[in-house]
Amino acid sequence: MHHTTPARRPAGRRAAERVLILGGDGFCGWPTALHLSAAGYEVAIVDNLSRRKIDVELEVDSLTPIRPMSERLAAWEAVSGRRIVFHRFDVARNYQRLLDLLVDWRPEAIVHFAEQRAAPYSMKSAWHKRYTMDNNLGATNTLLAALVESGVDAHIVHLGTMGVYGYGSAGMKIPEGYLTVHVETDDGDMARDEILYPVNPGSVYHLTKTQDQLAFAFYNKNDGIRITDLHQGIVWGTQTEETRLDERLINRFDYDGDYGTVLNRFLMQAAIGHPLTVHGTGGQTRAFIHIQDTVRCVALAIGNPPATGERVRIYNQMTETHRIRDLATRIAAQTGAAIDHVQNPRVEAAENDLHVANDALIALGLKPTTLATGLFTEVTEIAARYAHRCDKRRIACRSQWRRTGHAEVTMSTARNTATTDPLIQPI
Ligand code: NAD
Ligand code: USQ
């Protein structure tokens, strides 16, 4: 291992100059890397390209033609004159590579996107549950342990999820991470405390994010690691100011039953004349944010790091909430698409209300981009333009949260291959 002396930073510079982006080839990570590079940060990406390999496993591809990493980076340099460095390795498994990189490059901020992020993928089979847990908890703990070992005082900005809270609340707005509780002590007094908001994950993927929270709380308390955990809602949209500069920079667009998220799926379905696939009654209410706001929020978090000794900061990174059937009705009214109420493959509440506090990012200067016809049009146009790349066989959500009958469970346990998805084989 060779260690170089870090370049000295001139006094009076901003909170971070060098930003390491773990998972920087993904849907949120790539536009974030470009946004930060355009803003003048020195950016390096780490990614093991697992997301591209999962496309191979699922026999699907991003609707938009994403380019190989070397082409992406060359295009960015040609367009902006700025370089982004790429390191290909597995954050969960390659501790030494990560440690060396931290010690050599000494980033001031690390954005952590490097996790398996699809709830349906995490529920496909025992293999997928184990992979998601191993990968996500492994990546987070490896990062935290390596950061402690390196002695580098970098601020971690992690992408968490609104799903850690579940999607209901006891008649109150979901606060930003912490809940104030009043507890009766043994001598009858009332003690006030703040605890992490009780978790209520809806999938193995969401479960990993609830466990990430505990890891952050621990390393923050024990080692003083400075962390901002962004509890993000469902991201929609495709392009940002930077990704639309050149077609070779285009962002990925997932439409398949595992990785496609609901609003982008509906917009894409409308564009190709497919009925909108509402799960059950569509009474589920969820939080949303546009991809352009995702990259702005990450930049705001980097620019406003916690002080030394401060507890983990948790921000709810969402701009609005919508009921699924209302989204479908709105898109159908605009495009003439049909609505199909399909059987819900998930175990989730059929109807819920959702009220969320998001004051912290607004106070830092976020100007929310809310659902507007113009933005719908942008996504629909992207979808229409690349409709020829759509494989309609991949639209249905085949990943089931629960086996349907006891007999099936017994059989599946014996063979360890239970699945309704013909693509899934035990690995
Ligand atoms: P994505 O799958 O497109 O990107 C994740 C990237 O991380 C991929 O490029 C993948 O190859 C990489 N990666 C995964 N495991 C890795 C590992 N062990 N080592 C190195 N690289 C690894 O997902 P995304 O939509 O960009 O999401 C990024 C983060 O934001 C995730 O943590 C996700 O939970 C969170 N998030 C996403 C959404 C959304 O709607 N997309 C919403 C809320 C939160
Ligand atoms: N749904 C439909 N029809 C579809 C697809 C989904 O009705 O065709 C429903 C689902 O049943 C669910 C809701 O839409 O009730 C949202 O599903 P989704 O796939 O859009 O989002 P989800 O699985 O929750 O996961 C996504 C991201 C994940 C992130 C999460 C934020 O993939 O990484 O953490 O959104 S949140 O939802 O706030 O937890």
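Residues numbered from 1 in each chain as written. Chains lettered and ligands numbered in written order. Predicted model: local features only at pLDDT ≥ 70, side-chain atom pairs only at ≥ 80, totals over all residues. Heavy atoms only, no water.

> Sorry if this is basic, but what is going on with the site of ligand 2 here?
The immediate surroundings of ligand 2 are formed by 24 residues, with Y205, V262, T277, H279 and E348 found nearest. Note that an oxygen atom of ligand 2 is positioned 2.6 Å from one of the side-chain N or O atoms of E348. Within the complex, 96% of the 750 Å² of free accessible area of ligand 2 lies under protein. Considering each element in turn, the shell around ligand 2 owes the most residues, 3 residues, to strand β10 (residues 276-279). Residue composition of the shell around ligand 2, grouped by class: 8 nonpolar, 11 polar and 5 charged. (Near = heavy atom within 4 Å. Polar contact = N/O pair within 3.5 Å; in protein donor to acceptor, adjacent residues only side chain to side chain. Areas by Shrake-Rupley, 256 points an atom, 1.4 Å probe, with all protein chains shown as cover. Helix = DSSP H or I, 4+ residues; strand = E, 2+ residues; numbered from the N terminus. Nonpolar A, V, L, I, M, F, W, Y, C, P; charged D, E, K, R; others polar.)

> Just checking my understanding: could you explain the pattern of salt bridges for this structure?
Side chains carrying opposite charge are able to pair once their charged atoms draw close together. Scanning the model with the defined rule gives 27 salt bridges in all. Salt-bridge contacts for D254 lead to R117; the nearest nitrogen and oxygen are separated by 3.3 Å. Of this pair, D254 sits in the loop between β9 (234-236) and α8 (262-272) while R117 is found in the loop between β4 (109-112) and α5 (119-122), placing the two residues 137 residues apart along the sequence. For R117, a relative accessible area of 30% gives the class partly exposed. Residues joined by salt bridges that share partners form a network here, namely R51, D55, R117, R252 and D254. (Salt bridge = Lys/Arg side-chain N within 4 Å of Asp/Glu carboxyl O. Buried < 20%, exposed > 50% of the residue type's maximum accessible area, 1.4 Å probe, protein only.)

> Which parts of the structure should I look at to understand the nonpolar core?
Core analysis: the largest hydrophobic core is formed by 40 residues, its most contacted members being L20, L22, L98, I110, L144 and L147. Take this core: its biggest share by element is 5 residues, from helix α6 (residues 126-150). Once residues lying within four places of it in the same chain are set aside, the contact partners of L20 are A44, V46, L101, L102, W105, P107, A109, I110 and V111. Residues L63, F266, L267 and C390 belong to the second largest nonpolar core, which totals 38 residues. (Core = buried A, V, L, I, M, F, W, Y, C linked by side-chain atoms within 4.5 Å. Contact = heavy atoms within 4.5 Å.)

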